[in-house]
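# Residue-level structural notes
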Amino acid sequence: MAATFQPIAARPAPARTRGIVARIRANLFADWRSTLATLLIAAVAFHVLPGFIDWAIARAVYRPDADACQAARGVGACWGVIAEKWRFIVFGRYPFEQQWRPEIATVLLLGLLVASCIRAFWKWWLGLLWLVVIPAFFILMGGGFGLPSVPTDLWGGLPLTVMLAAFSIVFAFPLSILVALGRRSSLPAIRTICIVYVELIRGVPLISVLFMASFLFPLFLPVGKSPDVLLRVLVGITLFAAAYLAETVRGGLQAIPNGQVEAARSLGLTYWQTQRKIVLPQALAIVVPGIMNSFIAIFKDTSLVTIVSLYELTGALGLALNSDANWRPFKIEGYFFIALVYFAFCFAMSRYSLWIEKRVSVGKNR
């Protein structure tokens, strides 16, 4: 007698891999370790956050009233210090009536940097835009064409931070590529110079480099012939950043198999053609996270220029509060403000790095 047909029981539907619930499950409760860490962090947040919210929001003073802030001191934050001192923090010692100039200059420079990061704007006219915006930035900041002259020792705040970080990155990145290639050169003289440069710069802290650029370097030049202190500091940061970036780039170069270089030679490509068309595109794609990590470090390291009397964002905050006894006790609120500014810039750079990584991975998968 033929066996009766027995249908197989329906299997359960597969777990959802998209949506907020699936993301929470994958990122917070994937296994027992992840679940335990999530619960511990939630417990700490449940213990700490209510008190912080009460101090930062519920009992905070938002109006620029020093007496009200003093009365709420210890129980509520004084965000009125930001409302009172924000122009001093953002623009430093720049003349008050001329602060529209660094505002416009910073917007132009940031717009240029953003446009340079968008692939749709990688056209021939982008180079012309750099040639227009950079002189315009320094004319607005320093004076000229009918604008009153403002010496560089009065530049400060956010414009100085953005300027130092932007130009240090722009100059350090190509220099780091040359140094990384030089360290792998077959010419002993070039290789030795690059090795000595990298090891010497990496062997001292950035503060030492800034001190030497600001105070020691002028001693070797005739009186009155020393470059502007801002230029010396910019060169010091650039050389320091390039040494670290060079090692990151060299790591990417070492990851490329020698067989690709030999194949390029067999096709008749020159050394620079091989590097530009084959080696460097792959090497830089490999080390995108490391490069962006160095860029973020450069942006944050600009705060060290305060030691040579250039008051960027952090230094401007110290000047703004230390010069006024009424607002001096509320430094923590000021540091929260500039921490938010630094976080906004660094987070944007981090997200751009992730976008580049995705674009590179799409190109690899094709």
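Here, every reference points to the structure presented above.
Residues numbered from 1 in each chain as written. Predicted model: local features only at pLDDT ≥ 70, side-chain atom pairs only at ≥ 80, totals over all residues. Heavy atoms only, no water.

### Looking at the overall build of the chain
Looking only at helices and strands, the chain has 15 helices and zero strands in total. Against the globule reference of 21 Å for 366 residues, the chain gives a C-alpha radius of gyration of 27 Å, more extended than a compact globule. Considering only C-alpha atoms, the chain reaches an extent of 110 × 70 × 40 Å along its principal axes. Relative to its full complement of 366 residues, the chain shows a buried share of 37%. In the chain, the share of contacts with a sequence separation of at least 24, taken over all contacts with a separation of at least 6, comes to 69%. (Helix = DSSP H or I, 4+ residues; strand = E, 2+ residues; numbered from the N terminus. Rg over C-alpha atoms; globule rule 2.2 N^0.38 Å. Buried < 20%, exposed > 50% of the residue type's maximum accessible area, 1.4 Å probe, protein only. Contact = heavy atoms within 4.5 Å.)

### Focus: the environment of Leu313
In this structure, Leu313 sits in helix 14 (residues 313-322). Among the residues examined, Leu313 registers a relative accessible area of 2% and is labelled buried. Leu313 sits 214 residues away from Gln99 along the chain, and the two C-alpha atoms are 15 Å apart. Ignoring anything within four residues of it in the chain, the contact list for Leu313 reads Ile89, Gly157, Leu158, Thr161, Ile338, Val341 and Tyr342.

### Regarding the nonpolar core
The biggest cluster of nonpolar side chains holds 82 residues, and the ones touching the most others in it are Met163, Leu253, Phe295, Val305 and Trp327. Among the elements that take part in this core, helix 7 (residues 157-183) stands out by supplying 14 residues, more than any other. Residues in contact with Leu253, not counting those within four places in the same chain, are Ala180, Leu181, Arg184, Gln275, Val279, Leu280 and Ala283. (Core = buried A, V, L, I, M, F, W, Y, C linked by side-chain atoms within 4.5 Å.)

### With respect to the side chain of Ser294
Here Ser294 is to be found in helix 13 (residues 288-301). Judged by its relative accessible area of 13%, Ser294 falls in the buried class.

### Observations regarding the side chain of Thr152
The residue Thr152 is located in the loop between helix 6 (124-142) and helix 7 in this model. At a separation of 2.8 Å, a polar atom in the side chain of Thr152 contacts the side chain of Asp228. (Polar contact = N/O pair within 3.5 Å; in protein donor to acceptor, adjacent residues only side chain to side chain.)

### Looking at the state of the cysteines
Within the structure shown, the criterion is met by one disulfide. Across a sulfur-sulfur distance of 2.0 Å, Cys69 and Cys78 are joined as a disulfide pair. The chirality of the disulfide connecting Cys69 with Cys78 is right-handed, given an S-S dihedral of about 70°. On the accessibility criterion, Cys69 (1% relative accessible area) is buried. According to the relative accessible area criterion, Cys78 is buried, its value standing at 1%. (Disulfide = S-S within 2.5 Å.)

### A word on the packing of aromatic side chains
Considering all chains together, one arrives at 20 aromatic pairs under this definition. Here Phe138 and Trp155 contribute two aromatic rings whose centre-to-centre distance is 6.4 Å and whose plane-to-plane angle is 35°, an arrangement assigned as tilted. Here Trp155 lies in the loop between helix 6 and helix 7 and Phe138 lies in helix 6, a separation of 17 residues in the sequence. On the accessibility criterion, Phe138 (32% relative accessible area) is partly exposed. Using a relative accessible area of 5% as the deciding quantity, one classes Trp155 as buried. Seen from their ring centres, Phe343 and Phe347 are 5.5 Å apart, and the 20° between their planes marks the pair as stacked. (Phe/Tyr/Trp six-rings, centres within 6.5 Å; stacked < 30°, edge-to-face > 60°.)

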